[in-house]
Amino acid sequence: MADATRLDALIVGAGFAGLYMLHKLRGMGFAARALDAASGVGGTWYWNRYPGARCDVESMFYCYQFDDGLSQEWEWTERYPAQSEILRYANHVADRFDLWPDIQLNTRVASAVYDETGAVWRVETDTGETFLASYCIMATGCLSAANRPDFEGLDDFEGRVFHTGHWPHEPVDFTGRRVGVIGTGSSAVQAIPEIARQASHVTVFQRTATYVIPANNRPLDAGEQRDIKARYPELRAAARKTFGGFAVPTGRESALSVSEEECRETLGRAWNQGGIGFLNSYIDFGIDEQANVRAQAFVRDKIREIVDDPETAEKLLPRHTIGCKRLSLGDDYYATYNRPNVELVPLGEEGIGRIAVDGLTAAGREFRFDDLVLATGFDAMTGALSRIDIRGRSGMALTKAWEAGPRMYLGLMSSGFPNLFAITGPGSPSVLSNMMPTIEHHVEWIAGCIGFLRENDIREIEPHLEAQESWVEHGNEVASRTLRYTCSSWYLGANVPGKPRVFMPYIGGMPSYMEKCAAVAAAGYEGFELTPA
Ligand code: NA7
């Protein structure tokens, strides 16, 4: 067996979290390396290459803030960045900060086992290599482990099968082909219009109808871009004060404090403007069911307006609380159902039936197609971690410790797993916030913490169980007061059979969360056990 490679810090993942973590730790003089199973950097944007893949956060704010030169030199071309542009940006960052020598691609981490005697993580890869690192940092992403449901007969299907989250690198041509699509979440909302433009026929299998708000994507004007760049400090500071760290205007009134007509007018303006700010038009769409009903009704009316066939429109009407599942953005999703080559099939209670060599059975009918697209999402937030054999003190498996749902203090560390950090882990705002500044916040906190450990000659850091449990409890309590708690979303793990139903991201808002993290650090890492060397 080859010798183990000794590092100060091993980073799992070379997406945006891994790249910045690597840059930060190297700058502090630590020996660090980022491993990634992919053959390129970019994380989720490396894998999600399905037609139409695009971020739902605006380009000018879906980027790093830590380096002003980088902020000023990079030119975005559209209001929302396409996957290919985000991937170019990730590569540019790796070039600009000369990160490549410490990035190891095509290497999947299989296990990470803590050696209590040496206070070291022993990390093994599928390439047969072993790394020993004082700190192990999971930069594994929240939406990176694909959810591939165990459909009966899937392996018998003789056509091509694609998962949106693992799309091939070479372009996929659907010209003249019959395509079946399972799922109607954000990925499907972006992919279906593109596929329908090529394919001879598309059958969409819908388990839950989706609320789709126009993205209103457009080219970015050079003057507008210059203006935003000139005002970055002020705009970014203002964004940091908002709930999700998004630079979108937020209403201050209750939707119920205005007449129904005024509410509709405001929503109409937000609809025309496009973007996730739609639900920020009023302050209580996320917490008051009656207010929420107004926004639901508005979108349902829009669907009826856009979709020509009333029966199809009816099938497309979502019935759940709006914003409970993540809102989807798309410019021509509903209109795509006006095409003669697109059919919508709502799935009954029994869901997808047996998959055959040339199609599937669902809703009591048989469907035939050449290609099958699984737009079935991700084992969100915990999937990437549970697919690695992580073992902490006394050989305790992380999957065992998290049997009843993930348990982390501040979404950063878990009791029993010393010196193991997660970037945007469960229990942090993560997917409810703008991921880029959220990632930067975590990276900077972790780097500060590791620097503190070095300066103070501390061998181990690990959350106290009580601090962790009270944080988890607080997270559940805050979540239970919101409407996000009320439907079967991936935030709750409800999309993966057998996964415990726990609301995983922290929903108390970025400002109070960042304050808490800063206070914990300022108090000498309050709530953590620090073991001297
Ligand atoms: P999502 O949003 O989780 O969507 C997955 C879709 O697949 C959704 O419509 C699911 O229905 C459907 N699904 C999942 N499993 C099944 C089974 N077994 N049978 C039928 N239909 C199924 O994933 P996306 O990739 O679209 O988007 C993920 C995030 O990426 C998104 O929120 C943005 O943040 C970016 P369900 O709604 O669960 O009934």
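Whatever comes next refers back to the structure up there.
Fair warning: this is a prediction, and the values are worked out from it, not measured in the lab.

(A) Broad picture of the overall build of the chain. Scanning the chain from terminus to terminus reveals 16 helices and 20 strands. A globule of 533 residues ought to have a C-alpha radius of gyration of about 24 Å, and the chain, at 23 Å, matches this closely. Considering only C-alpha atoms, the chain reaches an extent of 70 × 55 × 45 Å along its principal axes. Looking at the chain residue by residue over its 533 residues, the buried ones come to 57%. A fraction of 72% describes how many contacts in the chain between residues 6 or more apart in sequence connect residues 24 or more apart. Distance between charge centres in the chain, computed from 51 positive and 70 negative side chains, equals 1 Å.

(B) Broad picture of the packing of helix H6 (residues 222–230) against helix H7 (residues 232–240). The contact between H6 and H7 brings their axes to 5 Å, and the two run at 70°. Taken together, the axis directions place H6 and H7 in an arrangement best described as roughly perpendicular. Mapping the contact onto sequence places Ile228, Lys229 and Ala230 in H6 and Tyr232, Pro233 and Leu235 in H7. Of the residues in the contact of H6 with H7, the class split is 5 nonpolar, no polar and 1 charged.

(C) Examining the packing of aromatic side chains more closely. By the definition in use, this model includes 38 aromatic pairs. Ring-pair connections join several aromatic residues into one group, and the members of that group are Phe16, Tyr20, Trp45, Tyr62, Tyr64, Phe66, Trp74, Trp76, Tyr89 and Phe97. It is Arg454 that lies over the ring of Phe30; its NZ or CZ is 4.1 Å from the centre.

(D) A look at the state of the cysteines. If you walk through the whole model with that rule in mind, you get 1 disulfide. Between Cys324 and Cys487 runs a disulfide, and the two sulfur atoms are separated by 2.1 Å. Between Cys324 and Cys487 the sulfur-sulfur dihedral comes to about -115°; the bridge is accordingly left-handed. Highlighted residues: Cys324 in the loop between helix H10 (310–316) and strand S11 (328–329) and Cys487 in the loop between helix H15 (465–480) and helix H16 (510–522), separated in sequence by 163 residues. Neither Cys324 nor Cys487 differs from the other in exposure class; each is buried.

(E) Quick look at the sheet that holds strand S8 (residues 178–182). Strand order in the open sheet formed by 5 strands is S7-S16-S8-S9-S12, with parallel pairing between adjacent strands. The open sheet has two free edges, formed respectively by strand S7 (160–163) and strand S12 (342–346), since each of these has just one partner strand. Sheet twist, expressed as the mean angle between neighbouring strand axes with direction ignored, is 20°. Here S8 runs beside strand S16 (residues 371–374); their pairing, made up of 4 bridges, is parallel. Bridged to Gly180 within S16 is Leu372.

(F) Broad picture of helix H8 (residues 260–273). Counted at 1.5 Å a residue, the expected span for H8 with its 14 residues is 20 Å, and the 20 Å between its end C-alpha atoms agrees. Turning to H8, its buried residues are Cys263, Thr266, Leu267, Gly268, Ala270 and Trp271. If you follow the buried residues of H8, they end up packed against strand S10 (212–213) and helix H9 (289–306). Phi for Gly274, located one or two positions after H8, is positive at around 80°.

(G) Examining a negative patch on the surface more closely. Residues Glu253, Glu261, Glu262 and Glu265 make up a contiguous surface patch of negative charge. Structurally, Glu261 is set in helix H8.

(H) Main features of the sheet that holds strand S15 (residues 365–368). The strand order across the open sheet formed by 3 strands is S13-S14-S15, and the pairing between neighbours is antiparallel. What marks the edges here is a single partner per strand, and that holds for strand S13 (352–356) and S15. Geometrically, the sheet is characterised by an average inter-axis angle of 20° between neighbouring strands, direction not taken into account. Judged from the 4 bridges that link them, strand S14 (residues 359–362) and S15 form a sheet pairing that is antiparallel. Residue Gly359 lies in a different strand from S15, and its bridge partner there is Arg368.

(I) Spotlight on the nonpolar core. Among the nonpolar cores identified, the biggest contains 134 residues, and Phe16, Tyr89, Ile137, Phe278, Val299, Phe421 and Trp445 are the most heavily contacted of them. Looking at which element gives the most residues to this core, the answer is helix H14 (residues 435–455), with 10 residues. When residues of this core are assigned to domains, at least three map to each of domain 1 (5–146 + 380–532) and domain 2 (154–374). The contact partners of Ile137, leaving out residues within four places of it in the chain, are Ala9, Leu10, Ile11, Val12, Met21, Leu25, Phe421, Ile423, Ile446 and Ile450.

(J) Inspection of the environment of Pro505 at higher detail. Residue position: Pro505 is located in the loop between H15 and H16. Not counting the four nearest positions on each side in its chain, Pro505 is found in contact with Met381, Gly427, Ser428, Pro429, Ser430, Val431, Leu432 and Tyr491.

(K) Examining the site of the ligand more closely. The environment of the ligand is made up of 19 residues, and the closest members are Thr184, Ser187, Arg207, Thr208 and Lys325. A distance of 2.9 Å is found between an oxygen atom of the ligand and a backbone nitrogen or oxygen belonging to Ser186. Ala375 places a polar main-chain atom, nitrogen or oxygen, 3.2 Å from an oxygen atom of the ligand. In the shell around the ligand, the residues fall into 8 nonpolar, 8 polar and 3 charged.

(L) Broad picture of the side chain of Asp371. Inspection of the secondary structure assignment puts Asp371 in strand S16. Here the side chain of Asp371 touches Arg160 through a polar contact of 2.8 Å, side chain to side chain. At a separation of 2.7 Å, a polar atom in the side chain of Asp371 contacts the side chain of Arg177. Here Asp371 is in contact with Phe157, Arg160, Phe162, Phe174, Arg177, Arg178, Val179 and Gly180, once residues within four sequence places are set aside.

(M) Examining the pairing of S14 more closely. With 3 bridges joining them, S13 and S14 adopt antiparallel strand pairing. Across the sheet, the residue bridging to Ala356 is Gly359, located in S14. Once S13 ends, the chain turns through 2 residues before running back antiparallel as S14.

(N) Seen up close, the side chain of Thr321. As for its position among the elements, Thr321 is in the loop between H10 and S11. One polar contact links Thr321 to Glu289, side chain to side chain, over a distance of 3.5 Å. When sequence neighbours within four positions are dropped, the list of residues in contact with Thr321 reads Tyr211, Glu289, Asn292, Gln296, Leu483 and Thr486.

Conventions used here
Residues numbered from 1 in each chain as written. Predicted model: local features only at pLDDT ≥ 70, side-chain atom pairs only at ≥ 80, totals over all residues. Heavy atoms only, no water. Helix = DSSP H or I, 4+ residues; strand = E, 2+ residues; numbered from the N terminus. Rg over C-alpha atoms; globule rule 2.2 N^0.38 Å. Buried < 20%, exposed > 50% of the residue type's maximum accessible area, 1.4 Å probe, protein only. Contact = heavy atoms within 4.5 Å. Lys, Arg positive; Asp, Glu negative; His and termini not counted. Charge placed at Lys NZ, Arg CZ, Asp CG, Glu CD. Axes fitted to C-alpha atoms, helices over the stretch in contact; angles between N-to-C directions. Parallel < 35°, antiparallel > 145°, perpendicular 65-115°, else oblique. Nonpolar A, V, L, I, M, F, W, Y, C, P; charged D, E, K, R; others polar. Phe/Tyr/Trp six-rings, centres within 6.5 Å; stacked < 30°, edge-to-face > 60°. Lys NZ or Arg CZ within 6 Å of the ring centre and 35° of its normal. Disulfide = S-S within 2.5 Å. Pairing = 2+ DSSP bridges. Expected span 1.5 Å × (residues − 1). Patch = residues over 30% accessible without salt bridge, like charges linked within 9 Å, V, L, I, M, F, W, Y side chains within 5 Å. Areas by Shrake-Rupley, 256 points an atom, 1.4 Å probe, with all protein chains shown as cover. Salt bridge = Lys/Arg side-chain N within 4 Å of Asp/Glu carboxyl O. Core = buried A, V, L, I, M, F, W, Y, C linked by side-chain atoms within 4.5 Å. Domains from an automatic or database assignment. Near = heavy atom within 4 Å. Polar contact = N/O pair within 3.5 Å; in protein donor to acceptor, adjacent residues only side chain to side chain.

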